[in-house]
Amino acid sequence: MPLTGEKYTQLNQPEATTDGADRGRWIACDESGWDGEQLIGRRRRFLVYASIAVDDVEAAALIQQLRDQAGIRQAKELKFDLFKNRTNRWSLLQQLWEPGGALHDRCSVYVVDKEYAAAAKVIDLLLEEKEHDEGGNLYADGKARALARTLALEGPRALRGTLFQELMSAFVTLASRRGTSQQDEALGVFVAALDQAWAASTRKAVTALLARLRGARDYAATFHEDPADPVFPQLEHPRSCPDGPPVGPPPRPCQCPHR
């Protein structure tokens, strides 16, 4: 069903799509697991984004074939839940993806652990910025990735109760779009959570990492200083990442710890 309204007119495709020399190849995309900017403590920990190179004409035939072979008559859409716990139906999907299958080498799935992604951005937006300004390179030799793993994996064990979740939630709130309208309040909550976490940490590696983050707190205060240069794109990529527009000089090769 085409989207309506002036905002979506350029995206409308009321007719079935077909690949062709004059139209190129159609890619169908969908996501699962996005439940808001606050990445921490949500019902769905993983965000999955998938794409498949197939046009509507070919897809319709494949869907009908799956319906017939799996004996699915009433469901309006072929959701994964209809296949995952039925061995015979699962094998039908496998046949499509396997070598020789109709969709072999035409599917791509990108899975993001949202909690690890948030931990990686703590390192990227605070420690790495400070390190860079001091002439260092935290991305060299995988140091940024190692720090992100320490925070994500050992943090929950070092910070008892809800301390780790409170710290990470405070960071995401500060770095997100909401932080632009409540910067002082969000910064205060994050700094207080960071101080409390550092004082309560029971693991040496995490305590040392939190101490370094406390030394980089001034960088958190600058997240939303320039409305024309928002920090929100950096929640996905650092400022020189080739996957997104640069958001500030100087350019540096992207070696994000989440990669």
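The paragraphs below set out a description of the structure included in this document. (Residues numbered from 1 in each chain as written. Predicted model: local features only at pLDDT ≥ 70, side-chain atom pairs only at ≥ 80, totals over all residues. Heavy atoms only, no water.)

### Quick word on the packing of aromatic side chains
Per the counting criterion, the structure on display carries three aromatic pairs. One aromatic cluster is present, formed by Phe 80, Trp 90 and Trp 97 through successive ring pairs. A cation over a ring is seen here: Arg 214 above Trp 198, with NZ or CZ 4.0 Å from the ring centre. (Phe/Tyr/Trp six-rings, centres within 6.5 Å; stacked < 30°, edge-to-face > 60°. Lys NZ or Arg CZ within 6 Å of the ring centre and 35° of its normal.)

### Looking at unusual backbone geometry
Excluding glycine, residues mostly carry a negative phi; peptide bonds, for their part, are mostly trans. Even without being glycine, Asp 105 reaches a positive phi, approximately 65 degrees. Secondary-structure assignment places Asp 105 in the loop between helix H3 (87-97) and strand S3 (107-113). (Helix = DSSP H or I, 4+ residues; strand = E, 2+ residues; numbered from the N terminus.)

### Observations regarding the sheet that holds strand S1 (residues 27-32)
An order of S1-S2-S3 is seen for the three strands of this open sheet, with the pairing classed as antiparallel. Strand pairing shows two members of the sheet lacking a second neighbour, S1 and S3, which therefore form its edges. Between one strand axis and the next, the sheet turns by 10 degrees as a mean value, whatever way the strands run. Two strands pair when backbone bridges link them, and S1 and strand S2 (residues 46-53) are joined in this way by six bridges, in the antiparallel orientation. Along S2, the bridge assignment pairs Asp 30 with Ala 50. Its contacts with the sheet put helix H4 (residues 114-133) on S2 and S3, and the angle it makes with S3 is roughly 65 degrees. (Pairing = 2+ DSSP bridges. Axes fitted to C-alpha atoms, helices over the stretch in contact; angles between N-to-C directions. Contact = heavy atoms within 4.5 Å.)

### Let's talk about the packing of helix H1 (residues 56-70) against H3
Here H1 crosses H3 at 150 degrees, and the two axes come no closer than 10 Å. One element, H1, and the other, H3, form an angle in the roughly antiparallel class. Crossing of H1 against H3: the hand is right-handed. Along its contact with H1, which presents Leu 62, Leu 66, Gln 69 and Ala 70, the element H3 presents Arg 89, Leu 92, Leu 93 and Leu 96. (Parallel < 35°, antiparallel > 145°, perpendicular 65-115°, else oblique. Left-handed = near helix turned anticlockwise from the far one by under 90°.)

### A closer look at the nonpolar core
Counting residues in hydrophobic clusters, the biggest one holds 43 residues, and the most contacted among them are Leu 126, Phe 171 and Phe 190. Of all the secondary-structure elements, those providing two or more residues to this core are H4, helix H5 (143-158), helix H6 (163-175), helix H7 (183-200) and helix H8 (204-214). One finds Leu 62, Leu 66, Ala 70 and Phe 83 within the second-largest nonpolar core, a separate group that totals nine residues. (Core = buried A, V, L, I, M, F, W, Y, C linked by side-chain atoms within 4.5 Å. Buried < 20%, exposed > 50% of the residue type's maximum accessible area, 1.4 Å probe, protein only.)

### Let's talk about a nonpolar patch on the surface
Nonpolar side chains collect at one region of the surface, where Phe 46, Val 109 and Val 111 lie side by side and expose about 290 Å² of accessible area between them. Structurally, the position occupied by Val 111 is in strand S3. (Patch = residues over 30% accessible without salt bridge, like charges linked within 9 Å, V, L, I, M, F, W, Y side chains within 5 Å. Areas by Shrake-Rupley, 256 points an atom, 1.4 Å probe, with all protein chains shown as cover. Salt bridge = Lys/Arg side-chain N within 4 Å of Asp/Glu carboxyl O.)

### Some points on the pattern of salt bridges
Under the defined criterion, the tally for this structure stands at eleven salt bridges. Close ionic contact of Asp 195 with Arg 217 constitutes a salt bridge, the shortest N to O distance being 2.7 Å. With Asp 195 in helix H7 and Arg 217 in helix H9 (residues 217-220), this residue pair connects regions lying 22 residues apart in the sequence. For Asp 195, a relative accessible area of 24% translates into the label partly exposed. Here the residues in one salt-bridge network are Arg 45, Asp 113 and Glu 115, joined through shared partners.

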